[in-house]
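What follows is each chain in one-letter form.
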Amino acid sequence: MALLAYSPTAGRNIRGDRPRFPPLQRAQIVELACLEPLAKGLHITHWSSEDLARQAMADGIVVTISPRTIQRILDDVDLQPHRTRYWRTTRADARFKRRAEKVLWCYGNAVRLAAHGIWVVCADEMPSCQVLERVPIRRAIPGSIEQVEHDYIRHGTVNILNFLIVHSGKMETICLEANDAEHYVAALRHFRRRHHRLKGIYLVHDGGSSHIAGATRDYFARCHAWWRPRLTPARASWLDQAELLNHTFGRRYLKRGSWASRGAYIEHVMTSWQEYNRLYAHPFEWTWTNHKMRRWYAQHAV
């Protein structure tokens, strides 16, 4: 026997069909999902599909609707009120433009510079990564996803400093005992010893305290322009391609792991970056050129 389903569109039951909603009702549901819940007298911080279904019926938009149908309507317009993403507002002033131009020039000329023995290198830390041990981890089998023990043992933290060689997409990693200028300078010295045959490096990094400390500036001054630092603008560290590397490396090699000691974690990191170079390294696709930045700047400059 065929199932009966209510159709608000036709105002009658239609055999074997889901409820369908006309464009006006769908648009009203989308508009509702874009409102702050407080506008409807609710103190929840964000909408769930259950909340939206209840409110749509309370507002008289529909007679009845299921949370699943709400999800389908929102999926059609790529609206996800249950999700959030952090961001920082960039101040588009003259200082931003000067710094951004220098960084974007480096990216645009990385391949040409490498042919002349000068690399563009990005640096960024992954500070205070927690070393967690979870036992047991039940690996995925047909019919069951991987299961990770909720409880864990902490074995301290590790500071990871990643270098990205822009023209090749390869990385080099150093684990720092502390995230300060002393250890940052030591890592720069180590990197230079490994690549002493180069004529120089344009170093893109953000304005972190260890990057702009007096000890770091003194070190650069003594290097006779071998290091050519380029700071990303304030509140615009996303211009540092090493942030993309941190995300990619962390997702592949640090997420869902379990380590019995801090030493085991460091050994894993130092082995993993070499495997990353062998299997995954490639230049990041970077489309924000100086031309595009200047056009954006002209619209948003303060």
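Above this text sits the structure in question.
Residues numbered from 1 in each chain as written. Predicted model: local features only at pLDDT ≥ 70, side-chain atom pairs only at ≥ 80, totals over all residues. Heavy atoms only, no water.

Q: Give me the lowdown on the packing of helix 6 (residues 181-194) against helix 8 (residues 214-222), citing residues and values where you can.
A: Between helix 6 and helix 8, whose axes approach to 9 Å, the crossing angle comes to 25°. With respect to helix 8, the axis of helix 6 lies roughly parallel. With respect to the hand of their crossing, helix 6 and helix 8 are arranged in right-handed fashion. Contacts from Ala 181, Tyr 184, Val 185, Leu 188, Arg 189 and Arg 192 in helix 6 reach Ala 215, Thr 216, Tyr 219, Phe 220 and Arg 222 in helix 8. Here the residues of the contact of helix 6 with helix 8 sort into seven nonpolar, one polar and three charged. (Axes fitted to C-alpha atoms, helices over the stretch in contact; angles between N-to-C directions. Helix = DSSP H or I, 4+ residues; strand = E, 2+ residues; numbered from the N terminus. Parallel < 35°, antiparallel > 145°, perpendicular 65-115°, else oblique. Left-handed = near helix turned anticlockwise from the far one by under 90°. Contact = heavy atoms within 4.5 Å. Nonpolar A, V, L, I, M, F, W, Y, C, P; charged D, E, K, R; others polar.)

Q: So, helix 8: which residues are in play, and what are the values?
A: Among all positions of helix 8, only Thr 216, Tyr 219 and Phe 220 are buried. Each buried residue of helix 8 sits inside an arc of 100° when the element is viewed along its axis, so together they form one side. Away from its buried face by more than 90 degrees, helix 8 exposes Arg 217, Ala 221 and Arg 222. Taken together, the buried residues of helix 8 touch helix 6, strand 8 (200-205), helix 7 (209-212) and strand 9 (227-231). (Buried < 20%, exposed > 50% of the residue type's maximum accessible area, 1.4 Å probe, protein only. Arc of directions from axis to C-beta.)

Q: Before we move on, can you summarise the environment of His 82 with the specific residues and values?
A: Locating His 82 in the fold gives a position in the loop between helix 3 (67-76) and helix 4 (94-108). On the accessibility criterion, His 82 (55% relative accessible area) is exposed. As for His 82 and His 150, which are separated by 68 residues in sequence, their C-alpha atoms are 24 Å apart. Discounting residues that sit within four places of it in the chain, His 82 has contacts with His 46 and Trp 47.

Q: So what's going on with unusual backbone geometry? Which residues, and what values?
A: Cis geometry is found at the peptide bond from Val 135 to Pro 136, where omega equals -5°. For Pro 136, the position within the fold is in the loop between strand 3 (118-133) and strand 4 (137-138). With phi around 50°, Ser 128 is a residue other than glycine that occupies positive phi space. On the secondary structure map, Ser 128 appears in strand 3. Its identity is not glycine, yet Ala 225 carries a phi of approximately 70°, on the positive side. Tracing the chain through its elements places Ala 225 in the loop between helix 8 and strand 9. You can call Ala 225 partly exposed: its relative accessible area is 46%.

Q: Help me get a handle on the packing of aromatic side chains, residues and values and all.
A: For the structure shown, the criterion picks out 15 aromatic pairs. Centroid distance Tyr 276 to Tyr 280: 6.1 Å. Interplanar angle 45°. Geometry classified as tilted. Residue classification places Tyr 276 among the buried residues on the basis of a relative accessible area of 2%. Across from the ring centre of Tyr 202, 5.2 Å away, lies the NZ or CZ of Arg 228, which sits over that ring. Over the ring of Tyr 280 we find Arg 252, and its NZ or CZ is 3.8 Å from the ring centre. (Phe/Tyr/Trp six-rings, centres within 6.5 Å; stacked < 30°, edge-to-face > 60°. Lys NZ or Arg CZ within 6 Å of the ring centre and 35° of its normal.)

Q: Can you tell me about the sheet that holds strand 6 (residues 153-165), naming the residues and giving the values?
A: In any sheet, the strands associate via hydrogen bonds between backbone groups, in a parallel or an antiparallel arrangement. Pairing is mixed across the open sheet formed by five strands, whose spatial order is 7-6-3-8-9. Every other strand in the sheet has two partners, leaving strand 7 (170-176) and strand 9 as the edge strands with one partner each. Taken pair by pair, the neighbouring strands of this sheet meet at an average axis angle of 30°, ignoring direction. Contacts from helix 9 (residues 242-253) reach strand 3, strand 6 and strand 7 within the one sheet, and its direction differs from that of strand 3 by about 40°. Against the sheet, helix 10 (residues 262-279) touches strand 3, strand 6 and strand 7, its axis set at about 165° to strand 7. (Pairing = 2+ DSSP bridges.)

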